[in-house]
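Spelled out, the chains give:
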Amino acid sequence: MNLSFLTAEEMIRLMESGEMTSLSLVERCLDVIREKNPLLNAFVEIFSEEACKQARESDQRRREQRLLSPLDGVPCAIKDNLLYEGHITSCASRMLENFTAPYTATAVQRLRQAGMPILGRLNMDEFAMGSASESSFYGPVRNPLDPERVAGGSSGGSACAVAAGMVPLALGSDTGGSVRQPAALCGVVGVKPAYGTISRYGLVAHASSMDQVGVFAHTAQDAALLMQLISGGDPLDMTSDEGLRFTSLPKAEPSAITLALPAEWFGADGCTPCPGGEAALAFARLLEKQGARLKTVSIPSLSEALPAYMVLSCAEASSNLSRFDGLRYGHRSGESRDLESLYSKSRQEGFGDEVKRRILLGTFALSSGYQDRYYLQADALRRQLIQQTAEALEGSDAILCPVSPRAAWKLGQKPDSVTLYQSDLYTVPANLTGLPAISFPWGLAGDMPGSAGLMGHPEGLGTILALAQLAQSAKGGTENG
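Residues numbered from 1 in each chain as written. Predicted model: local features only at pLDDT ≥ 70, side-chain atom pairs only at ≥ 80, totals over all residues. Heavy atoms only, no water.

Caption draft 1: Highlighting the overall build of the chain. Assigned secondary structure in the chain consists of 16 helices and 13 strands. Computed over the C-alpha atoms, the radius of gyration of the chain is 21 Å, within 12% of the 23 Å expected from 2.2 N^0.38 for a compact globule of 481 residues. Expressed as lengths along the three principal axes of its C-alpha atoms, the size of the chain is roughly 65 × 60 × 45 Å. Counting the 481 residues in the chain, one finds 62% classified as buried. Long-range contacts, defined here as pairs at least 24 residues apart, represent 73% of the contacts in the chain between residues at least 6 apart. Entry remark: accessible area of the chain is about 17,900 Å², with carbon and sulfur atoms responsible for 50%. (Helix = DSSP H or I, 4+ residues; strand = E, 2+ residues; numbered from the N terminus. Rg over C-alpha atoms; globule rule 2.2 N^0.38 Å. Buried < 20%, exposed > 50% of the residue type's maximum accessible area, 1.4 Å probe, protein only. Contact = heavy atoms within 4.5 Å. Areas by Shrake-Rupley, 256 points an atom, 1.4 Å probe, with all protein chains shown as cover.)

Listed below in structure tokens is the structure:
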């Protein structure tokens, strides 16, 4: 057993056997964080004393045989846009660098109710807007597989922390691919459940109709264990749905699986994958050899999903971020002369370039004379995509998806905005439709991990997790660590 990259399941077995305690596991994670984080910059704050105290409490519960959950004592970490009462939640922005959360997000509260020690808050793109985790107020996150490369974004710190062995499980958020894309670039499993599966209460809003808390893990089985704890309805979030609560991981039988391959990504013949789609197609071919049926489908609106997402997400971000005005909380400029200059200077100083760009794009899309041309057209395209995706899933268990059109690029070689936005080309459909989706390691993309993705039915999270677990147990899957 590699003690540098323990999975959650391995940690559970070690605690059950008495070979290790929760405290010793937390201390091991803290040692790895102290060793690797100065270079990788995944954590922006470490809760050492608090996490050790929580681990001691878990060990006491284990001795008294009153564990709170199967993951009691297993350490985890949270993205810096999830509120945790008494702790700073900054969204990696100067705007909120000193903001202390007055309450705890439901997802984080469920971690604590399950007895999981929380090791710290994780770096990210500012306000979850980005695909590289380079726009953070705290500096960029580095890819643990090659520190000269980006970790992906916006949940780059979460992906990096798991991939580097700093923590076995982490929470992130996914608005357009912000869990699945960094998971792909760092070689770990990233899960975005169906919209409403996990409460968004206490998640700082980016685009409210698409935001969803997601999870990172070494294995699909670990991800499933965490999903069991944090999913389910919440009276504090009217968009959460108790009917989408995840309960168990079914066994996947390839001979019973039908996989839909969109012609827009894999060609009408299912043999000509788009850039970044080779690994996904290789996984599908393996399933086919084991008895699965591959079916070519057409989802014409996929070609317009990314521009529709950009218009809608920027419009919602413009509205959501209007609350940061320098008056109630957040950064306040010391150079303002009147109310108008207080607003403008506080926002100018508090927000980074990418956040400003998206606010401007969203405000323009909602402005008089342009709303019909941009926002309403994008919304119509979204409804069309939802219908076409539902039709593509008829008679199929999941849709095969590429995850990232390219492997992690070098730090500092920031592509232009349009190229950067194209990093989410294959991931935004799941957010626009609200469907569950997963990214898992498969093969290689040059000298970096390759990845494959799946998008399932609204209640099909278990199926895509089971298929990802099947991939990890099959020859050809990438072993992290």
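Caption draft 2: Highlighting the sheet that holds strand E12 (residues 437–445). Within the open sheet, the 11 strands sit side by side as E1-E3-E2-E6-E8-E7-E12-E13-E11-E9-E10. Their pairing is mixed. Each edge of the sheet is formed by a strand with only one pairing partner; in this case those strands are strand E1 (43–46) and strand E10 (293–297). For this sheet, the mean angle separating the axes of adjacent strands, direction not counted, is 30 degrees. As paired elements, strand E2 (residues 76–79) and strand E6 (residues 169–173) share three bridges and run parallel to each other. Within E6, the position partnered with isoleucine 78 by the bridge is leucine 171. (Pairing = 2+ DSSP bridges. Axes fitted to C-alpha atoms, helices over the stretch in contact; angles between N-to-C directions.)

Caption draft 3: Here's a closer look at the nonpolar core. Ranked by size, the top nonpolar core spans 132 residues in total, and within it Leu71, Met116 and Phe440 carry the most contacts. Per-element accounting of this core gives the leading share, nine residues, to helix H10 (residues 302–320). Excluding residues within four positions of it along the chain, leucine 71 makes contact with Ala8, Ile12, Ala114, Met116, Leu169, Leu225, Leu226 and Leu229. Grouped together as the second largest cluster of nonpolar side chains are 17 residues, Ala101, Ala128, Val204 and Phe324 included. (Core = buried A, V, L, I, M, F, W, Y, C linked by side-chain atoms within 4.5 Å.)

Caption draft 4: Seen up close, the packing of H10 against helix H13 (residues 372–393). At a minimum axis distance of 9 Å, the contact between H10 and H13 shows a crossing angle of 130 degrees. Judged by the angle between their axes, H10 and H13 are oblique. For the pair H10 and H13, the crossing hand works out as left-handed. Residues Leu302, Glu304, Ala305, Ala308, Val311, Leu312, Ala315 and Glu316 of H10 lie in contact with H13, whose contacting residues are Tyr374, Tyr375, Ala378, Asp379, Leu381, Arg382, Gln384 and Leu385. Considering only residue class, the contact of H10 with H13 consists of 11 nonpolar, one polar and four charged. (Parallel < 35°, antiparallel > 145°, perpendicular 65-115°, else oblique. Left-handed = near helix turned anticlockwise from the far one by under 90°. Nonpolar A, V, L, I, M, F, W, Y, C, P; charged D, E, K, R; others polar.)

Caption draft 5: Local environment of the environment of arginine 328. Considering the arrangement of structural elements, one finds arginine 328 in the loop between H10 and helix H11 (339–350). Arginine 328 gets classed as exposed once you look at its relative accessible area, which sits at 58%. A sequence separation of 267 residues divides arginine 328 from arginine 61, and the C-alpha atoms of the two residues are 42 Å apart. Among the polar contacts listed, one links the side chain of arginine 328 to the side chain of aspartate 325, at a separation of 3.0 Å. (Polar contact = N/O pair within 3.5 Å; in protein donor to acceptor, adjacent residues only side chain to side chain.)

Caption draft 6: Structural context of the packing of aromatic side chains. Enumeration according to the criterion identifies 14 aromatic pairs in this entry. Considering the side-chain rings of tyrosine 103 and tyrosine 201, the 4.9 Å spacing of their centres and the 25 degrees angle between planes classify their relative orientation as stacked. One end of the pair, tyrosine 103, is in the loop between E2 and helix H4 (106–113); the other, tyrosine 201, is in the loop between strand E7 (189–192) and strand E8 (213–217), with 98 residues separating them in the sequence. Under the relative-accessibility criterion, tyrosine 201 is labelled partly exposed at 26%. Ring centres of phenylalanine 324 and tyrosine 329 lie 5.9 Å apart, and the angle between their planes is 80 degrees; on these two criteria the pair is classed as edge-to-face. A relative accessible area of 31% places tyrosine 329 in the partly exposed class. Counting every residue linked through ring pairs, the aromatic cluster contains Phe99, Phe127, Phe324, Tyr329 and Phe351. (Phe/Tyr/Trp six-rings, centres within 6.5 Å; stacked < 30°, edge-to-face > 60°.)

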